[in-house]
Amino acid sequence: MKLPFQMDLTGKVAVVTGAGGVLCSSMAQALAECGAKVALLDLNEESANQNAQKIQAEGGIAKGYQANVLDKDSLKATHEKVLKELGPCDILINGAGGNHPRATTEREYFAAEDLQEDVKTFFDLEQNGVEFVFNLNFIGTLLPTQEFSRDMVGREGCNILNISSMNAYTPLTKIPAYSAAKASVSNFTQWLAVHFAGEGIRVNALAPGFFVTGQNERLLYHEDGSPTERTGKILRATPMKRFGTAEELLGSMLFLLNNDAAGFITGVSLPIDGGFSAYSGV
């Protein structure tokens with residue numbers, strides 16, 4: 001992987017949740033290339049191990065762990081393993097998150113006639129689906145922070161980096177639970193930055209715009225590879241006229257984690273969106 005710039009994380013331990021996925025595995029790899037010992041956490045242990053093995057094959061120090069970010073006992077057990085095998089956490093990246101069809105409307109705009117048709121409207125959103133999405137994104141950030149930030153107390157140069165979204169600024173159509181949950185992540189980032197300021201623990205967030213991942217690929221492209229209507233709308237509203245790549249998150253990640261370059265920055269959510277948030281549509 002070609003990093004935008006190099007920083008020395010030798011001796012640091014980085015814990016990355018959601019590391020079985022495309023974006024967070026890329027972050028884990030970049031941290032390892034900078035010298036960190038990386039714990040890759042994911043509900044899917046096989047994916048976490050596979051991504052850790054890729055890092056090991058390139059000479060990095062990494063280990064995959066199965067962890068449920070919604071289960072305190074699971075996180076505690078994993079934390080104990082990380083402490084024993086890698087050491088106390090210096091950097092925590094809360095990357096676990098996602099959406100679910102049970103919390104998604106079928107159409108962007110409601111019409112009264114939808115009630116008479118077989119259409120999933122706002123009124124049909126399932127409570128357990130909404131709760132799952134909100135919990136995965138917000139509680140799935142809070143609980144790992146409670147567990148791993150204990151290691152940071154009384155130690156210098158520690159950082160927490162949450163993964164928010166441009167949805168936190170302006171909600172996208174169809175996905176109200178995901179948008180609300182990411183708004184809560186941004187708000188929590190600010191709260192936690194203030195709460196931990198006296199301990200010298202910096203807390204920031206990345207707010208990605210549109211990136212193609214395993215979770216959203218089918219929403220953006222048909223099985224034959226052609227773009228969906230939603231992709232057309234996204235690209236028309238993105239001045240750079242393309243999706244971001246996983247590598248394009250790394251410079252912002254490394255900058256916010258750099259205590260020399262960003263030592264006075266805490267409580268921010270940094271948009272990485274190709275101009276999406278700056279474009280008025282005209």
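Residues numbered from 1 in each chain as written. Predicted model: local features only at pLDDT ≥ 70, side-chain atom pairs only at ≥ 80, totals over all residues. Heavy atoms only, no water.

1. Considering the sheet that holds strand β4 (residues 91-94)
Strands in a sheet are paired, the pairing made by backbone hydrogen bonds, and the direction either parallel or antiparallel. Strand order across the open sheet formed by seven strands is β3-β2-β1-β4-β5-β6-β7, with parallel pairing between neighbours. Among the strands making up the open sheet, the edge pair consists of β3 (61-66) and β7 (269-272). Taken over all neighbouring pairs, the strand axes of this sheet differ in orientation by 15 degrees on average, direction set aside. Running at roughly 175 degrees to strand β1 (residues 13-17), helix α1 (residues 22-33) makes contact with β1, β2 (37-42), β4, β5 (159-163) and β6 (202-208) of the sheet. Relative to the sheet, helix α8 (residues 250-257) contacts β4, β5, β6 and β7, its axis offset from that of β6 by approximately 170 degrees. (Pairing = 2+ DSSP bridges. Helix = DSSP H or I, 4+ residues; strand = E, 2+ residues; numbered from the N terminus. Axes fitted to C-alpha atoms, helices over the stretch in contact; angles between N-to-C directions. Contact = heavy atoms within 4.5 Å.)

2. Quick word on the pattern of salt bridges
Scanning the entire structure with this criterion turns up eight salt bridges. Of the charged contacts, one joins R107 and D114 as a salt bridge, the two residues approaching to 2.5 Å between their closest N and O atoms. Judged by its relative accessible area of 38%, R107 is partly exposed. Judged by relative accessible area, which is 3%, D114 ranks as buried. E117 is the salt-bridge partner of R107, the closest N and O atoms lying 3.5 Å from each other. Remark: E117 occurs in the loop between β4 and α4 (127-148) and R107 occurs in the loop between β4 and α4; sequence separation between them is ten residues. Bridged by salt links that share partners, the residues R107, D114 and E117 form one connected network. (Salt bridge = Lys/Arg side-chain N within 4 Å of Asp/Glu carboxyl O. Buried < 20%, exposed > 50% of the residue type's maximum accessible area, 1.4 Å probe, protein only.)

3. What about the side chain of D151?
Note that D151 resides in the loop between α4 and β5. A distance of 2.9 Å separates a polar atom in the side chain of D151 from the backbone nitrogen of C89. (Polar contact = N/O pair within 3.5 Å; in protein donor to acceptor, adjacent residues only side chain to side chain.)

4. Section: the nonpolar core
Residues L31, V38, I93 and M253 are the most contacted members of the largest nonpolar core, which totals 34 residues. At the level of secondary structure, the elements contributing two or more residues to this core comprise β1, α1, β2, α2 (45-57), β4, β5 and α8. The next biggest cluster of nonpolar side chains, apart from the first, holds 23 residues, and it includes C158, L192, A193 and V203. (Core = buried A, V, L, I, M, F, W, Y, C linked by side-chain atoms within 4.5 Å.)

5. Describing a nonpolar patch on the surface
Together, F110, L115, F122 and F123 make up a nonpolar patch on the protein surface, roughly 480 Å² of accessible area in all. Assignment of secondary structure puts F123 in the loop between β4 and α4. According to the relative accessible area criterion, F123 is exposed, its value standing at 55%. (Patch = residues over 30% accessible without salt bridge, like charges linked within 9 Å, V, L, I, M, F, W, Y side chains within 5 Å. Areas by Shrake-Rupley, 256 points an atom, 1.4 Å probe, with all protein chains shown as cover.)

6. Section: the pairing of β4
Successive residues of a regular strand alternate their side chains across the two faces of the sheet. Covered by surrounding structure in β4 are I91 and I93 together with L92 and N94, the residues of both alternating faces. Pairing of β1 with β4, which is carried by four bridges, proceeds in the parallel orientation. Following the sheet pairing, T17 is matched in β4 by N94. A crossover connection joins β4 to the parallel β5 through α4; in handedness this β-α-β unit is right-handed. (Right-handed = clockwise from strand over helix to strand, strands pointing away.)

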